[in-house]
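Spelled out, the chains give:
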Amino acid sequence: MQDFISIKTDINGTIPSVTVKQFDTNSRFLHLTLSDGDLPEDYNKIFEMSGCAARLLVSLGHDRYEYVDGEIADAEGGIVTFLLPGSVTQRAGIYLCEIRITEPVGGALISTKPFTLKVEDSIQADDAIEATPQLSALENALRTVGSLNSRMNALTAMADSGELPAGTVDAGVIE
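Now for a look at the structure at hand. (Residues numbered from 1 in each chain as written. Predicted model: local features only at pLDDT ≥ 70, side-chain atom pairs only at ≥ 80, totals over all residues. Heavy atoms only, no water.)

Pairing is mixed across the open sheet formed by four strands, whose spatial order is β1-β3-β7-β6. In the strand order of this sheet, the two ends are held by β1 (4-10) and β6 (71-74), each with one partner. Sheet twist, expressed as the average angle between the axes of neighbouring strands with direction ignored, equals 25 degrees. (Pairing = 2+ DSSP bridges. Helix = DSSP H or I, 4+ residues; strand = E, 2+ residues; numbered from the N terminus. Axes fitted to C-alpha atoms, helices over the stretch in contact; angles between N-to-C directions.)

With that settled, the discussion passes to the packing of aromatic side chains. Considering all chains together, one arrives at one aromatic pair under this definition. Seen in terms of ring centroids, Y65 and Y67 are 6.5 Å apart; in terms of plane orientation they differ by 45 degrees. Their pairing is tilted. Look at Y65 and you get partly exposed, because its relative accessible area is 41%. Take Y67: its relative accessible area is 44%, and that puts it in the partly exposed class. (Phe/Tyr/Trp six-rings, centres within 6.5 Å; stacked < 30°, edge-to-face > 60°. Buried < 20%, exposed > 50% of the residue type's maximum accessible area, 1.4 Å probe, protein only.)

Another aspect to go through is the side chain of T81. Mapped onto the elements of the fold, T81 is located in strand β7 (residues 79-83). Residue T81 is classed as buried on the basis of its relative accessible area of 11%. Discounting residues that sit within four places of it in the chain, T81 has contacts with F4, F29, L30, H31, G70, E71 and A73. (Contact = heavy atoms within 4.5 Å.)

Turning our attention to the nonpolar core. The biggest cluster of nonpolar side chains holds 28 residues, and the ones touching the most others in it are L30, L56, F82, I101 and L117. Elements with a contribution of two residues or more to this core: β1, β2 (18-21), β3 (29-35), β4 (53-61), β7, β8 (93-102) and β10 (115-120). In this view, L117 contacts V18, V20, L84, V88, G93, I94, Y95 and C97; residues no more than four positions away in its chain are not counted. (Core = buried A, V, L, I, M, F, W, Y, C linked by side-chain atoms within 4.5 Å.)

Structural data, given as structure tokens:
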């Protein structure tokens, strides 16, 4: 299942802050519907992206950036989708982002105002043991084996010392 963070915004306006959870792969798709409020009233106002390329720029700080190419999902409808990079969603923090649209002819560039991507801490620790029904069953089985092993060792010690009661050993099987 793929969940999308859907945002409808004006290319010249402010994109609201986007919040995702660390390690959550179901909230990593940013789905934008862009309009153009600068167009006259009698126009459709949809930001036309036919033949354009879209790119998400994520600042990692210290003059380091992550670039993510977008998929123009509906050029005439102004819809673009970005898969948020795992390198960013792995680390909790606040990242400054912007979206850049490049036109096919002449390469004219328009970019959104910067917006924030907040990656919230996950309570999941990947190196921690997770409690599952299988883990509980394994723990119970190990306890049973440990108990049987202790009993077997005690009976073996008794047999070696001659302390076993008569009839306890039959055909080499300890009962």
